[in-house]
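The primary structure of each chain is shown beneath.
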Amino acid sequence: MKMEVLITKEKLEEIVTDLGRRITEDYRDKELVLVGVLKGGFIFLADLARKIDMDVKIDFISVSSYGNSTESSGVVRIIKDIESDVSGKHVLIVEDLIDTGLTLQYLKDLFNTKGCASVKLAAIMDKPDRRKVDLKVDYVGIEIPDEFVVGYGLDYAEKYRNLPEVYIIRET
Ligand code: 5GP
Ligand code: MG
Ligand code: MG
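Residues numbered from 1 in each chain as written. Chains lettered and ligands numbered in written order. Predicted model: local features only at pLDDT ≥ 70, side-chain atom pairs only at ≥ 80, totals over all residues. Heavy atoms only, no water.

If you look the protein up in an unreviewed UniProt entry, it shows as Hypoxanthine phosphoribosyltransferase from Thermoclostridium stercorarium. We quote the UniProt Function (unreviewed entry) comment for the protein here in full: "Purine salvage pathway enzyme that catalyzes the transfer of the ribosyl-5-phosphate group from 5-phospho-alpha-D-ribose 1-diphosphate (PRPP) to the N9 position of the 6-oxopurines hypoxanthine and guanine to form the corresponding ribonucleotides IMP (inosine 5'-monophosphate) and GMP (guanosine 5'-monophosphate), with the release of PPi." Looking at the protein in UniProt, the text filed under Cofactor (unreviewed entry) is "Mg(2+)". (UniProt positions renumbered as here; feature names shortened; annotations may be inferred.)

Caption draft 1: Summary view of unusual backbone geometry. Of note, the amide linkage connecting Leu 38 to Lys 39 takes the cis form, showing an omega dihedral of 0°. Phi at Asp 29 takes a positive value of approximately 70°, unusual for a residue other than glycine. Here Asp 29 is to be found in the loop between helix H1 (9-27) and strand E2 (32-38). Its relative accessible area of 80% is what places Asp 29 among the exposed residues. In the Ramachandran plot, Glu 158 falls in the positive-phi region, its phi being about 70° despite a non-glycine side chain. Structurally, Glu 158 is set in the loop between strand E8 (149-150) and strand E9 (166-170). (Helix = DSSP H or I, 4+ residues; strand = E, 2+ residues; numbered from the N terminus. Buried < 20%, exposed > 50% of the residue type's maximum accessible area, 1.4 Å probe, protein only.)

Caption draft 2: Examining the nonpolar core more closely. By size, the foremost hydrophobic cluster in this structure holds 30 residues, and its most contacted members are Phe 44, Leu 92 and Met 125. Of all the secondary-structure elements, those providing two or more residues to this core are H1, E2, helix H2 (42-49), strand E5 (90-98), strand E6 (118-126), strand E7 (139-143) and E9. In terms of residue count, H1 provides more of this core than any other element does, six residues in total. Discounting residues that sit within four places of it in the chain, Met 125 has contacts with Ile 7, Asp 96, Leu 97, Ile 98, Ile 142, Ile 144, Val 149, Leu 154 and Val 166. Grouped together as the second largest cluster of nonpolar side chains are 22 residues, Val 35, Val 91, Leu 135 and Val 137 included. (Core = buried A, V, L, I, M, F, W, Y, C linked by side-chain atoms within 4.5 Å. Contact = heavy atoms within 4.5 Å.)

Caption draft 3: Highlighting the coordination of the magnesium ion (ligand 2). The coordination sphere of the magnesium ion (ligand 2) contains the protein donors Glu 95 (OE) and Asp 96 (OD), at a distance range of 2.5 to 2.6 Å. In this structure Asp 96 comes out as buried when scored by relative accessible area, which is 10%. (Donors = N, O, S within 2.8 Å, 3.2 Å for Na, K, Ca; no water.)

Caption draft 4: Highlighting the sheet that holds E5. Read across the sheet, six strands follow the order E4-E3-E2-E5-E6-E7 without closing on themselves; strand pairing throughout is mixed. Lying at the two open borders of the sheet, with one neighbouring strand each, are strand E4 (76-80) and E7. Taking each pair of neighbouring strands and ignoring which way they run, the sheet shows an average axis angle of 30°. Where E2 meets E5, five bridges bridge the pair, whose relative direction is parallel. Looking at E5, one finds that Gly 36 is bridged to Val 94. Docked against the sheet, helix H3 (residues 102-112) engages E2, strand E3 (56-65), E4, E5 and E6, running at close to 170° with respect to E5. (Pairing = 2+ DSSP bridges. Axes fitted to C-alpha atoms, helices over the stretch in contact; angles between N-to-C directions.)

Now the structure itself:
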């Protein structure tokens, strides 16, 4: 395996600080629930929550996509649902990376059936070249090329989630 740094710690911190500031401005005086998408979204959510300067509630949903492991099929299975009642609340879904967009499309539709005041999406990384559905992500950290990445929550066979930087990983 060959690994090459794509996004440094410093850059990640800068991106998350900026997103946190925008979210704070946009949601001031609203009841906001951050819903982290497990497992990949856990680091981004933890960092983002600390850059949001207002009261927020935090919940998690764990999903798994049917089909092969490198590409999502759009058929999403809920492994663990949220625990709170989000009706009437403003929900921000916090995801590590948007690729085809199928996972976030599914989650957005799901939360739209729960009577939320609003449902918006945040992803720290975006691979726009890979999109299969026309989906608006309200808060995007950074666009990245169509390469497989790990670190900052993202895994390869459950490894590398704890790396503080984002790496491109290639078979050698
Ligand atoms: P999609 O947008 O295609 O439904 O799926 C996005 C999810 O697939 C991401 O949240 C992430 O979990 C996984 N994924 C997509 N691209 C990559 C990648 O380059 N590296 C890793 N580790 N996971 C990825
Ligand atoms: Mg994910
Ligand atoms: Mg994965």
